Amino acid sequence: MNVMNCSLNMDDDIAKIYKRQADTVYRVCFSFMKNTSDAEDMVQETFLKLISCKKKFESEEHEKAWLIVTASNTCKDELRRWKRRLENMNVFLRRGNTVQREDSEIRQQVLDLPVKYRQVIYLHYYEGYRTAEIADMFHCSESTIRNQLLRGRKILQRNSTYGAKSMLLPAAVLAGSLLVTTAVYAVRFYRLHDLGLGKEEVMDLSGLEKRVDEIAREEIPVREADIITLGGVAESPEYRACSEWREFLKEYDTDGDILSGSGKEASGLEEEYRLVYGCYSQEMADKVNELCAKFCLFRLKGFYLAEDYDDLCRRAEIGAVCGGMPRNVGWDFYFGYVYDDGTFLMEGRIEVRESVPWESESVSWVSDYQMIRAVKGSFNPVTLNVGEIDEYREWNYVTKSGEILLLANSSEKALIIADRKASFIVVNVLGDFLGDTFQVSDEMVEEMAEAFQFSAIP
């Protein structure tokens, strides 16, 4: 059993409890979940609850009893969530095999719905959210959501061979096609502000080509910009570690004396401290270790430059994230690197073409991109300058394969964000970087979201 690897970074008391009780907790969880993978997830959830509540026990028997009850309740809660998701599917399946034989046709009808209808039908019928909750997610009125549900059902009725009976179909179709990708981890809705780490001074390179002479004579000007973490949403261990690291750096070596005198000390640090975390003193390296222990995170290690796209996928142990793109979409791999845990950065370019009957295929639009995958459970210090968060248009988007994403677009940058079970993924959409233009519409962002196979990344 390989669960709670982070116990190596916990304090001694928790580590000892884990060593004593892990097998008992696992057996309890397996009795509920009936499979190894889900049981291990529930063991981890149980011990995370122990860590967060800082429970003190009177004896080992008290400790064991508390963990058994907590593990049982954790499993029951998870099974109740699954039950809610499956209720609509079970109602549908009881109607007989005749309808099931047409499942692929119905599934396609649902997935072909316009995005605004597909999303609310998914959330209402499959995830079980109330219309008021969905309205809050999309920052609109409840009546708008009810109208979208109604219109979506009418489109299905009109396109279905089952007429009025198709009212029950969305839940079954979505459950059948999306259960594998969504049942194992919680759906979370968040905004860019949930990733924000505050403002920071960055170099102002706007209009750079027009100011070469000016910049050659003077220092490059700076401006304030919003910074987001690439490790996870607010309150996650990854976010909190990154936030505390930034606060530490703001107050550390403000006059640069330690940096100027580091020399031999910096050269004696392990490579990942210098390359990943930018450490140039033992004090900085100690702070990295302190944050990893505090938030039960691993340090990033083992930096590798990927030879090509296939090498990156192999080293990161992921599927073909660019392997299922539509025929009219081309892509290039420019550059990438990978850490031992599978955290990676990949840069490339997407080119979308459209067929014109009287001409050969012509380019519709191009965009360069960076895809950053942060593996949960590791301390990733990398942040991203996003300009002004309040200038972004943000919306949740459900892809045809069932992935729930946060999309954001502004006049200078667009983002595609996926919160997976084991990874946090950010795609930084750069526009035509070579052409020095950013003309990315909301529709283009959605096309890029459909082009990547996020389900290939655990």
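Our structure is the block above this text.
Residues numbered from 1 in each chain as written. Predicted model: local features only at pLDDT ≥ 70, side-chain atom pairs only at ≥ 80, totals over all residues. Heavy atoms only, no water.

Draft legend 1. Focus on the pairing of strand β12 (residues 414–419). Among the six residues in β12, six count as buried, and that is most of the element. Residue alternation in β12 divides its side chains into two sets, Ala 414, Ile 416 and Ala 418 and Leu 415, Ile 417 and Asp 419, and both sets are buried. Bridge count between strand β11 (residues 404–409) and β12: four bridges; the pairing is antiparallel. In the sheet register, Leu 406 faces β12, and the bridge partner there is Ile 417. (Buried < 20%, exposed > 50% of the residue type's maximum accessible area, 1.4 Å probe, protein only. Helix = DSSP H or I, 4+ residues; strand = E, 2+ residues; numbered from the N terminus. Pairing = 2+ DSSP bridges.)

Draft legend 2. Summary view of helix α15 (residues 282–294). With 13 residues, α15 extends 18 Å between its outermost C-alpha atoms, agreeing within 8% with the 18 Å of an ideal straight helix rising 1.5 Å per residue. Of all the residues in α15, the buried ones are Met 284, Ala 285, Lys 287, Val 288, Leu 291 and Cys 292. The buried residues of α15 occupy one face: seen down the axis, they fall within an arc of 155°. Contacts from the buried residues of α15 go to α11 (237–251), α14 (271–275), β3 (298–299) and β8 (378–379). Backbone geometry just after α15 places Cys 296 at a positive phi near 60°. (Expected span 1.5 Å × (residues − 1). Arc of directions from axis to C-beta. Contact = heavy atoms within 4.5 Å.)

Draft legend 3. Structural view of unusual backbone geometry. Positive phi, normally seen in glycine, also occurs at Glu 235, with a value near 80°. Among the structural elements, Glu 235 can be located in the loop between β2 (222–229) and α11. The exposure class assigned to Glu 235 is exposed, which follows from its relative accessible area of 61%. A positive phi angle is found at Asp 253, which is not glycine, with a value near 50°. The topology assignment puts Asp 253 in the loop between α11 and α12 (257–260).

What is shown is where atoms sit, not what they do.
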